[in-house]
Protein chains: 2
Amino acid sequence: MYKTIDSRDYHVLHPRPVYLIVSRSKNGSVNVMSASWVSPVSDEPFLVAVSIWKGSLTHQNIRETGEFTVNIPSDKHLNTVYKAGVVSGREVDKISSLGLRLLKSSVIETPGLEDMLGFIECKVVNEVEVGESTLFIAEVKAVHVVEEAYTRYGWDLNKAKILLHHGGRGFTTPSKLILAHR
Amino acid sequence: MYKTIDSRDYHVLHPRPVYLIVSRSKNGSVNVMSASWVSPVSDEPFLVAVSIWKGSLTHQNIRETGEFTVNIPSDKHLNTVYKAGVVSGREVDKISSLGLRLLKSSVIETPGLEDMLGFIECKVVNEVEVGESTLFIAEVKAVHVVEEAYTRYGWDLNKAKILLHHGGRGFTTPSKLILAHR
């Protein structure tokens, strides 16, 4: 039996993977924020959709350059990811205050982050208004992963403790792999 | 150090929550398919984006009625979710062959599923072409959850073994809650 709850309670679709989005202004300054409202939306071409609040510096940056990287943190980045989501890049240089190191991308001008599980380079191809946010739809131009944590079937769940956001300060990681019957 | 892999390898953004999408044709027939390319995209109003392959019966149904429900399975539905993703509703009545039971929705005409962790009722407000799929953007009209598995902070991870899709037959569930420092 179900109970009907507040129809605005989006936590019903959590926990879900959380990422560090790196963006760059036209002047070259770089910002980082955490985001979990991110999903693949197409495989050929590989497109991702990322929902970004219109008032954020990340939104302004992506509008200016049409680029961003999606960086994949692990459980060791728990506090970094939380802080990157509650502090604004308009007030603090988050890259430096969070002790993050940038890494040159291979295709786009916006950098990725060192020491993550991996990152993907994205170029915006479309954008859609969604309430107080914009849904940026972007083509993935390059994918980089920590080799020893990635197999031909994706992440090795014993090695890649991918961070999932539950709500507020609450996070989790995937447990063991389970296989469906053929 | 990162290794650069195939830029079409979307598994880099998995594991992620997987859902059973129930849709209805204008004639009233009901179909179910699994989908993990689903994300909240706005909180006020609560909007979700769902990527659906254009060739699927679910796509045809959603185009016809502008409605669907997103049903939240647990690890006990592992084989059901896998099968709902590999069999087409054009060949088999999946609701009956998978032994699923429908439940009347409160706001829309398309039903939810009994015996899940919960389900949400959605009405399409926009759609966007994304490669071979359509990204349906829908407003959440009602949210229903199993009361004993849901707290004011979202799912009780000790009770709600939410299913995450890794790739192919591989799935997982969230492990324990971890808290970031304030």
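Since this is a predicted model, take the numbers as computed values, not measurements.

On to the overall build of chain A, then. For chain A, the helix and strand inventory stands at 3 helices and 16 strands. Radius of gyration (C-alpha) of chain A: 17 Å, near the 16 Å computed for a compact globule of 182 residues. Projecting the C-alpha coordinates of chain A onto the three principal axes gives extents of approximately 50 × 45 × 35 Å. Long-range pairs, those at least 24 residues apart, make up 60% of the contacts in chain A between residues at least 6 apart in sequence.

Time to look at the sheet that holds strand S2 (residues 16-17) of chain B. Taken together, 4 strands build an open sheet; the order of strands is S16(A)-S15(B)-S14(B)-S2(B) and the sheet is antiparallel. Lying at the two open borders of the sheet, with one neighbouring strand each, are strand S16 (178-179) of chain A together with S2 of chain B. Sheet analysis places strand S14 (residues 164-167) of chain B next to strand S15 (residues 170-172) of chain B, joined by 3 bridges and oriented antiparallel. The residue of S15(B) that forms the bridge with Gly167(B) is Gly170(B).

Okay, the interface of chain A and chain B next. Contacts between chain A and chain B engage 75 residues on the former and 75 residues on the latter. Taken together, the residues that form the side of chain A that touches chain B break down as 38 nonpolar, 23 polar and 14 charged. With 2 bridges joining them, strand S15 (residues 170-172) of chain A and strand S16 (residues 178-179) of chain B adopt antiparallel strand pairing. The partner of Phe171(A) across the bridge, within S16(B), is Ile178(B).

Formed by 104 residues in total, the largest nonpolar core has its most connected members in Ile21(A), Val48(A), Ile21(B) and Val48(B). Contact partners of Ile21(A), with chain neighbours within four places excluded, come to Val32(A), Met33(A), Ala35(A), Val50(A), Thr58(A), Phe68(A) and Val70(A).

All right, on to the relation of the copies chain A and chain B then. Copy one and copy two of the chain differ by a rotation about an axis and a translation along that axis. Take chain A, turn it by 180 degrees, move it 0.0 Å along the axis, and it overlays chain B with an RMSD of 0.0 Å. Within this description, the copies of the chain are treated as partners about a two-fold rotation axis. A shared binding surface is used by both copies, with 100% of the interface residues of chain A retained as interface residues in chain B.

Residues and elements named next belong to chain A. Tracing the sequence through the fold places Leu 103 in strand S8 (residues 102-103). Placed 12 residues apart in sequence, Leu 103 and Asp 115 show a C-alpha to C-alpha distance of 9.6 Å. In this structure Leu 103 touches Pro 111, Gly 112, Leu 113 and Glu 114, once residues within four positions along its chain are discounted.

On the basis of which strands lie adjacent, the open sheet formed by 4 strands has the order S2(A)-S14(A)-S15(A)-S16(B) and antiparallel pairing. For this open sheet the edge positions go to strand S2 (16-17) of chain A together with S16 of chain B, each flanked by a neighbour on one side alone.

All names here are of chain B. With 6 of its 7 residues buried, strand S6 (residues 47-53) lies for the most part within the structure. Note that strand S5 (residues 38-42) and S6 share 4 bridges and pair antiparallel. Along S6, the bridge assignment pairs Ser 42 with Leu 47. From the end of S5 to the start of S6, which pair antiparallel, there are 4 residues. Bridge analysis of S6 against strand S11 (residues 133-146) gives 7 bridges, and the strand direction is antiparallel. What sits directly across from Val 48, in S11, is Ala 138.

Next up on the list: the environment of Leu98(A). Residues and elements named next belong to chain A. Looking at the secondary structure, you find Leu 98 in the loop between helix H3 (94-97) and S8. Remark: the alpha-carbon pair of Leu 98 and Pro 174, spanning 76 residues in sequence, is separated by 25 Å. Those residues in contact with Leu 98 that sit more than four places away from it in its chain are Thr 80, Lys 83 and Ala 84.

Moving on, we get to the confidence of the model for chain A. Mean pLDDT over chain A: 97, with 100% of residues reaching 70 or higher. For this predicted complex, the interface confidence comes out at an ipTM of 0.97, alongside a pTM of 0.97.

What follows covers the environment of Ser97(B). Residue placement: Ser97(B) occurs in helix H3 (residues 94-97). Here Ser97(B) falls in the partly exposed class, since 13 other C-beta atoms lie within 10 Å of it.

Here is what the cut-offs are and how they apply
- Residues numbered from 1 in each chain as written.
- Chains lettered and ligands numbered in written order.
- Predicted model: local features only at pLDDT ≥ 70, side-chain atom pairs only at ≥ 80, totals over all residues.
- Helix = DSSP H or I, 4+ residues; strand = E, 2+ residues; numbered from the N terminus.
- Rg over C-alpha atoms; globule rule 2.2 N^0.38 Å.
- Contact = placed C-beta atoms within 7 Å.
- Pairing = 2+ DSSP bridges.
- Nonpolar A, V, L, I, M, F, W, Y, C, P; charged D, E, K, R; others polar.
- Core = buried A, V, L, I, M, F, W, Y, C linked by C-beta atoms within 7 Å.
- Buried ≥ 20, exposed ≤ 12 C-beta atoms within 10 Å, placed from the backbone.
- Least-squares fit on C-alpha atoms with pLDDT ≥ 70 in both.
- pLDDT = per-residue confidence, 0-100.

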